[in-house]
Every structure is written in C-alpha cells, then in structure tokens.
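Below are the chains, spelled out letter by letter.
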Amino acid sequence: MKKLSLTLLITFSCISAFAQDYSDKITLVIHGGAGTITRANMSPEREKAYREGLDLALQKGYEVLKKGGTSVQAVEAAIHVMEDSPLFNAGKGAVFTNEGKNEMDAAIMEGKTLKAGAVAGVTTIKNPISAAIAVMDQSVHVMMAGKGAEQFAKEKGLQIVDPSYFYTEARYKALERAKAQEKTELDHNAKEENGGKGGTEEGGKGKSPSSPSSPSSLIFTEGKKFGTVGCVALDKYGNLAAGTSTGGMTNKRYGRIGDAPIIGAGTYANNATCAVSATGHGEYFIRSVVAHDISALMEYKGLSLADAANEVVMKKLVERGGEGGVIAVDRNGNVAMPFNSEGMYRGYIKSDGKREILIYKD
Ligand code: ASP
C-alpha cells in the first residue's frame, strides 16, 4: 500500500513538473466590430462610451484569467459585458431583421479539445454566448438554431427574455432607414451594397433620432459598421478559446445566418495554432473560411500569427472584396488584430500589464 502511494506521489509530481505554467502568458483580446469608424463620425461622448464598454469587457475577462479561470470562462465573461451593452451589435444591442425582430448568432471553440458550440437565429436568449457554451458542454451537437436552440437554453437554465428586451431605438431607426432605401445592409446603415466607400451618412453626426445626452444617441449608426463582438483568450493552463456573438445584419431576411456561428469562418481555436474571432461582411468570411485559414497557414506553412492573420485579412479578403477584421492570439500570448476597414473597436490585456484599447486605423 505504502509502495503504491509512493508511486502515485512520484507520478503526480512528475506530471505537475511537466505541466507548463502559462501564468506569465495569459492574454485576453476583444473586438466590438469593424467598419467605417472614423474620428469624423465619432463624437467625444460616443468615443468615451465605447472605450468604457471595451475597458469593462477587458477587465471582466481578465479577472477570470487572473483568478485561474479557463479561457472559455474568460471569453464568456468579456462577451457578456458587450452583449449586455446597447452599444454593440450583440445581445441587448442586436440589430433588427427586415421583419423587425432581433435574431442572434454566437459560437465558442476550445483550443485544447477542439470542442465547439454555436447557436443561430435565436430571439429570446439574453446571452447567446452562454447558449453556445451550453451546446458545447452539455449536448452532443455543435450547432442549434431557432426555437430548438431556445428550448435547449431554457432547459439548461439560461436566462430567457421577452424579445422586446432587445429593442433599441437607434437600431430600429437604422432598420427604418435601410428599409426606406430598399437596401440590405450589414450591421448599421450602409450605403454600399456594391463595394462603394463611405456611408449615406443620413443618420450622421448630429442627426441622431434621440437627444444628444440619451444613451441611444451614443450608439454608432453612421456609415458602415460591422458590430459583432468577440473575444479570444489564453489561460494559465496554456489553453486557447475563441468566442463571437452578433445580431448579424440590419434588414437581414430569410433566416440569414452570418459567419460568427460558423466554426472555422468567424470563430476558431486550436492549441496547436491560435484562437480567432472575426467581424465583417459575413458572406465573404464564410466563403474564405477566414478563422480556420489563419490557423491552417500557421499549421501547414509555419507562418507566425501576425503573418498568417495579415495574409488572410489584408491580402486574400481584400482581393475578394471582403471587408472587416479579426482578433487572434497564439499559445505564446502573441496578439494580432488586423482589419482592412477604416476602424475596428479592439483591445487587449496581457499578464505583463500591457493593455490597449484602439478604435481607428492610426
Ligand atoms: N460578421 C457579422 C455577420 O456577417 C457582421 C458583423 O461583424 O457585424 O453577421
């Protein structure tokens, strides 16, 4: 008996000794959407509101990592902050479909196990990212859609809300403008279905439907913006995770689903390479299998995270006309945040205390 205990003790000590500690590498990266976000169409109050929202998301996610939580838990915590804010096109701030509904998509992937979960076209789940995690952890499936996903979330005890919870005046006005123009637009109002630059600006600075001090006036609805939110993280156990959550596309029809819940397109994580979350024109990201392509370039061609992410976002996507960007992290805590649009809400925090929140190109 004594011999057995000793053997077990030695085995355990050996395993512990070999299990690398990544505490000095923990990293969290977030995005709150890309698009024509320029200084010209951003008031100081609005910029402050967005920066505060991003800052809180970084803080909440990082706290989880610091306390020894997993990368999946950190991703969930950071995304909850953005889903609960009306500023971002996810959860509370989700955009409207052509029928005047809010239909949300979300996905999560764990780099260690390559397990993944996603929900699509859900209308009553307060935090779709949590539903995606429940699909990953508590079902044998990877993706659930519509009513079935909502039923599953309810059975798993997730918070269900009346669809009216997702109403925000600014987003509804954006839908009305889009419908008036008989246009399909991505996220908020876009002028360019055919690739033109800039927005119609009809909802431009100073023309907000609400009074300047109301929260609704802080919601960015000018020009083209992809408002999806996402988070990628590396935890102290060396495990990567990626999560993305979105309301999709203003005025979307026919049950349109974007890239966010498609594993490999808008969301992907693999401990052997990286974790990626995307924002942009979903159809292009699906066709280019963006998130997995970045991982594949690292795995098959030995590219660095930065080179792989740049190759896909700044070359391949640009050549194909796909606008947007990604956030990505690898197992060494390297961060990449390339985007080919005019701006992307983004930020990261690292264990060495380095922390940045950025919006514009420069
Ligand atoms: N990628 C999202 C979609 O196509 C849009 C976004 O990033 O805001 O649904």
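Residues numbered from 1 in each chain as written. Predicted model: local features only at pLDDT ≥ 70, side-chain atom pairs only at ≥ 80, totals over all residues. Heavy atoms only, no water.

- As recorded in an unreviewed UniProt entry, the protein goes by the name Isoaspartyl peptidase, listed as coming from Dyadobacter jiangsuensis.

1. With respect to the nonpolar core
Argument step 1. The biggest cluster of nonpolar side chains holds 55 residues, and the ones touching the most others in it are L28, I30, I108 and Y345.
Argument step 2. Within the second largest apolar cluster, 36 residues are counted, among which are A275, A278, V312 and V313. (Core = buried A, V, L, I, M, F, W, Y, C linked by side-chain atoms within 4.5 Å. Buried < 20%, exposed > 50% of the residue type's maximum accessible area, 1.4 Å probe, protein only.)

2. Side note on the pairing of strand β9 (residues 274–280)
Argument step 1. Of all 7 residues that make up β9, 7 are buried, and the element is covered over most of its length.
Argument step 2. Here β9 shows a buried face lined by C274, V276, A278 and G280 and a second buried face lined by A275, S277 and T279.
Argument step 3. The pairing of strand β8 (residues 267–269) with β9 spans 3 bridges and is antiparallel. From the neighbouring strand, T267 faces β9, where its bridge partner is S277.
Argument step 4. Hairpin geometry of β8 and β9 is characterised by an intervening segment of 4 residues between the two adjacent antiparallel strands. (Helix = DSSP H or I, 4+ residues; strand = E, 2+ residues; numbered from the N terminus. Pairing = 2+ DSSP bridges.)

3. Some remarks on the site of the ligand
Argument step 1. Lining the immediate environment of the ligand, one finds 11 residues, of which G227, T228, R256, D259 and G280 sit closest.
Argument step 2. T279 is positioned such that a nitrogen or oxygen atom in its side chain is 2.8 Å from an oxygen atom of the ligand.
Argument step 3. Between a nitrogen atom of the ligand and a main-chain N or O atom of G280, the distance comes to 2.7 Å.
Argument step 4. Notes on the ligand: free accessible area 270 Å², of which the protein chains cover 100%.
Argument step 5. Its residues assigned to classes, the shell around the ligand shows 1 nonpolar, 7 polar and 3 charged. (Near = heavy atom within 4 Å. Polar contact = N/O pair within 3.5 Å; in protein donor to acceptor, adjacent residues only side chain to side chain. Areas by Shrake-Rupley, 256 points an atom, 1.4 Å probe, with all protein chains shown as cover. Nonpolar A, V, L, I, M, F, W, Y, C, P; charged D, E, K, R; others polar.)

4. Description of unusual backbone geometry
Most peptide bonds take the trans configuration, and most residues that are not glycine carry a negative phi.
Argument step 1. With a phi angle near 60°, L114 is a residue other than glycine that sits in the positive phi range.
Argument step 2. Although it is not a glycine, N251 adopts a positive phi angle of roughly 70°.
Argument step 3. Along the chain, N251 falls in the loop between β7 (240–246) and β8.

5. So, the packing of helix α9 (residues 290–301) against helix α10 (residues 305–320)
Argument step 1. The contact between α9 and α10 brings their axes to 8 Å, and the two run at 135°. Overall, the two elements α9 and α10 adopt an arrangement that is oblique. The chirality of how α9 crosses α10 is right-handed. Residue-level inspection shows V290, D293, I294, L297 and M298 of α9 in contact with α10, the latter providing L305, A308, A309, E311, V312, K316 and L317.
Argument step 2. Its residues placed into classes, the contact of α9 with α10 shows 9 nonpolar, no polar and 3 charged. (Axes fitted to C-alpha atoms, helices over the stretch in contact; angles between N-to-C directions. Parallel < 35°, antiparallel > 145°, perpendicular 65-115°, else oblique. Left-handed = near helix turned anticlockwise from the far one by under 90°. Contact = heavy atoms within 4.5 Å.)

6. Some thoughts on the pattern of salt bridges
Argument step 1. Counted according to the given criterion, the structure contains 10 salt bridges.
Argument step 2. Among the salt bridges present, the one from D137 reaches K115, with a minimum N-O distance of 3.7 Å. Here D137, found in helix α4 (residues 128–138), pairs with K115, found in the loop between β2 (104–110) and β3 (116–122); they are 22 residues apart in sequence, far enough to count as distant.
Argument step 3. You can call K115 partly exposed: its relative accessible area is 36%.
Argument step 4. The salt bridge involving K147 is made with E150; its shortest N-O contact spans 3.7 Å. You can see K147 and its partner E150 sitting in helix α5 (residues 146–155), 3 residues apart, about one turn around the helix.
Argument step 5. What makes K147 exposed here is its relative accessible area of 67%. (Salt bridge = Lys/Arg side-chain N within 4 Å of Asp/Glu carboxyl O.)

7. Let's talk about the UniProt feature "active site" (unreviewed entry) in the protein
Argument step 1. The sites that UniProt annotates as "active site" (unreviewed entry) are T228.
Argument step 2. With respect to the helices, strands and loops of the structure, T228 is situated in the loop between β5 (225–226) and β6 (229–234). (UniProt positions renumbered as here; feature names shortened; annotations may be inferred.)

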